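Next come the chains, spelled out residue by residue.
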Amino acid sequence: MVDLHKYELPIAQALSADYINGKQQVVEKLYGYYAGNDTDWVKRASKLTELQHTRVNSESLANVLKAYNERLSASEATIANIAHIAQGAKVVIGGQQAGIWTGPLLVVHKAVSIIQAALSASEQLQEKIVPVFWIAGEDHDWDEVNHTYVISPDQQLKKLSIGRDASLKTSVSRTAISAEQWQEALEELSEQLPGSEFKEQLVQELQQMAEKSNSLSDFFGHMLSKLFAQYGLVLIDSDDAAVRAIESSMFARLLKHNDELEEAYLQTAQAVRDMGYSLQADVTANSANLFVFVKESQSDRVLLYKENGEFRDRKNQYRWTMEQLEQLLQHEPQSFSNNVLTRPLMQDHLFPVLATVLGSGEISYWGLTKQAFEVLGMEMPIIVPRMSYTLVEGIIAKNMAKYELSFADVMDQFQERKQQWLHDQDELHIADQFGHVREQFTAMYAPLIELAGSIQSGLAKLGDTNMNKIIEQMTYMEAKTVDAQQKQFEAAIRQLDRVELTLKPNGKPQERVLSMISYWNRYDKVWLDAIFATGYSRTGGHEIVHL
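Residues numbered from 1 in each chain as written. Predicted model: local features only at pLDDT ≥ 70, side-chain atom pairs only at ≥ 80, totals over all residues. Heavy atoms only, no water.

Some remarks on the pairing of strand β3 (residues 147–151)
- Pairing analysis gives five bridges linking β3 to strand β4 (residues 157–161), with the strands arranged antiparallel. In the strand pairing of β4, I151 is matched with L157.
- The antiparallel pairing of β3 with β4 creates a hairpin that spans five residues between the two strands, and Q155 there sits at a positive phi of about 60 degrees. (Pairing = 2+ DSSP bridges. Helix = DSSP H or I, 4+ residues; strand = E, 2+ residues; numbered from the N terminus.)

Take a look at the structure:
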């Protein structure tokens with residue numbers, strides 16, 4: 001029996017790996033709490049009560065959340081969880097940019113991890129812990145979220161995308177998507193999804209979501225609301241104007257203490273470097289780590305820099321005094337936006353965050369924020385690494401067993417194993433026979449070259465060239481013979497290639513490339529139930545999910 005289960009996806013960031021493994025120096029200096037320590041969950045829960053004065057009013061937050069989630073056709077479970085938040089319930093939170101068709105599978109994995117972490121904490125602490133997904137609608141990197149991949153009916157990797165004016169630099173949530181664009185995107189998706197018993201219903205549901213969506217964030221929210229309805233996942237769009245209104249007091253604090261925060265980020269960045277790690281986020285002197293939307297249309301999102309007691313954008317096209325920013329904040333709080341270093345602080349200002357679920361890259365740059373939390377009299381929450389899952393369909397598992405491939409074989413040495421299998425099918429021993437003839441030819445021809453060279457020295461070089469050309473032609477003939485022989489195994493090659501395409505598309509882990517929409521199309525929600533049924537760990541890990 002081929003073992004499909006034992007494999008951990010590599011962690012690219014050394015700092016994240018050391019946190020996940022509980023390295024004491026890293027945890028104590030950069031994070032404070034450790035997800036794998038049960039007593040830390042109790043300590044953080046107790047500390048949240050002490051820090052209640054640093055957060056917004058829970059009822060005000062719940063009102064904003066209820067209005068937003070109701071627009072997304074929220075389930076009764078979600079509305080009930082929002083009521084718990086109104087009463088001061090603690091949360092486990094995590095987030096991602098809003099991608100088309102939810103983007104790569106890792107987005108779903110993060111949502112599952114948030115829910116699982118909240119359930120685990122609820123059981124341990126014997127109180128309601130609410131799962132919250134933070135839609136990073138304020139991000140403006142359109143090229144990162146405007147596409148995803150599916151495997152087409154002809155077993156090809158197909159890129160699905162949605163465009164916008166290249167000159168726009170506004171946030172994803174403020175990028176309008178027309179009805180015509182949605183229709184084109186739905187038609188492209190429908191064309192690339194294989195037929196299934198669930199396809200017609202799925203496309204109809206997506207069509208209904210499109211009719212209620214003015215942006216990618218809207219559609220993304222509708223999809224998550226539908227997928228996780230039974231789990232009561234609460235959604236928040238960071239670029240929602242109503243959210244901005246209750247964030248204004250924190251923006252004021254971020255401006256007031258900006259120099260202290262800058263120093264905290266710079267000091268921690270140096271400490272990270274001194275510990276031998278590379279930085280996963282830009283820590284720049286004189287950066288305010290805040291964005292402002294400018295122009296009457298509020299279309300451009302520019303990062304603020306400090307210079308001579310004032311603030312400016314990178315290109316020095318706009319300038320503000322502190323008083324002007326304070327006035328802008330008072331009258332138009334929706335003009336402000338966080339960057340990756342201040343977003344953690346804002347998140348903790350809005351919610352009583354027991355823990356936050358992060359990917360490996362996020363874990364690394366969150367390590368830069370511990371001292372910044374302390375500057376504002378706050379405390380970094382528990383960092384929970386998200387789980388990773390790989391979906392293995394029945395036909396894929398069958399073919400892996402047929403060709404004796406482990407999951408590690410596919411991820412680490414697929415081409416070598418494929419070529420070895422093809423070589424093993426060579427009953428004619430083509431490579432050996434051609435190799436033997438080449439050796440014989442070389443042995444027979446070399447004395448002739450030596451003879452010619454003894455008559456005229458220049459003929460030796462000509463002879464070598466001549467021999468190499470003949471050997472080259474033999475090698476060419478060998479390749480053609482191997483190709484012809486391997487055509488007998490085209491069906492096997494297709495099966496092998498399908499295994500790689502499904503588990504390691506574009507040479508990357510499945511979760512970083514493929515969209516979940518293909519699995520929703522083929523299995524309805526069974527694939528998601530299968531993910532929830534697998535193991536969960538507070539320190540992350542990788543699980544194989546058989547469908």
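Notes on the sheet that holds strand β9 (residues 319–320)
- The sheet built from five strands is open, its strands ordered β9-β8-β7-β6-β10 with antiparallel pairing. Each end of this open sheet is capped by a strand with a single partner; those strands are β9 and β10 (336–338).
- Strand contacts of helix α11 (residues 241–256): β6 (287–294), β8 (310–312) and β10, with the helix running at about 70 degrees to β10, the strand carrying the most contacts. (Contact = heavy atoms within 4.5 Å. Axes fitted to C-alpha atoms, helices over the stretch in contact; angles between N-to-C directions.)

Describing the pairing of strand β5 (residues 234–237)
- Of the two faces of β5, the one carrying V234 and I236 and the one carrying L235 and D237 are both buried.
- For strand β2 (residues 129–135) and β5, the ladder comprises four bridges, and the chain directions are parallel. Residue pairing across strands places I135 opposite D237, the latter belonging to β5. (Buried < 20%, exposed > 50% of the residue type's maximum accessible area, 1.4 Å probe, protein only.)

Things to note about the packing of helix α3 (residues 38–50) against helix α6 (residues 105–125)
- Two numbers describe how α3 lies on α6: the axes approach to 11 Å, and their chain directions differ by 80 degrees. Judged by the inter-axis angle, α3 sits roughly perpendicular to α6. Mapping the contact onto sequence places D38, W41, V42 and A45 in α3 and A121, Q124 and L125 in α6.
- Looking at the contact of α3 with α6 residue by residue, the classes come out as five nonpolar, one polar and one charged. (Parallel < 35°, antiparallel > 145°, perpendicular 65-115°, else oblique. Nonpolar A, V, L, I, M, F, W, Y, C, P; charged D, E, K, R; others polar.)

Here's the deal with unusual backbone geometry
- A positive phi is found at T102, a non-glycine position, where the angle reads about 70 degrees.
- For T102, the location among the structural elements is in the loop between β1 (90–96) and α6.
- For T102, a relative accessible area of 0% translates into the label buried.
- Of note, the phi angle at N289 is positive, near 60 degrees, even though the residue is not glycine.
- Counting through the fold element by element, N289 comes out in strand β6.
- On the basis of relative accessible area, N289 is assigned to the buried category, the value being 6%.

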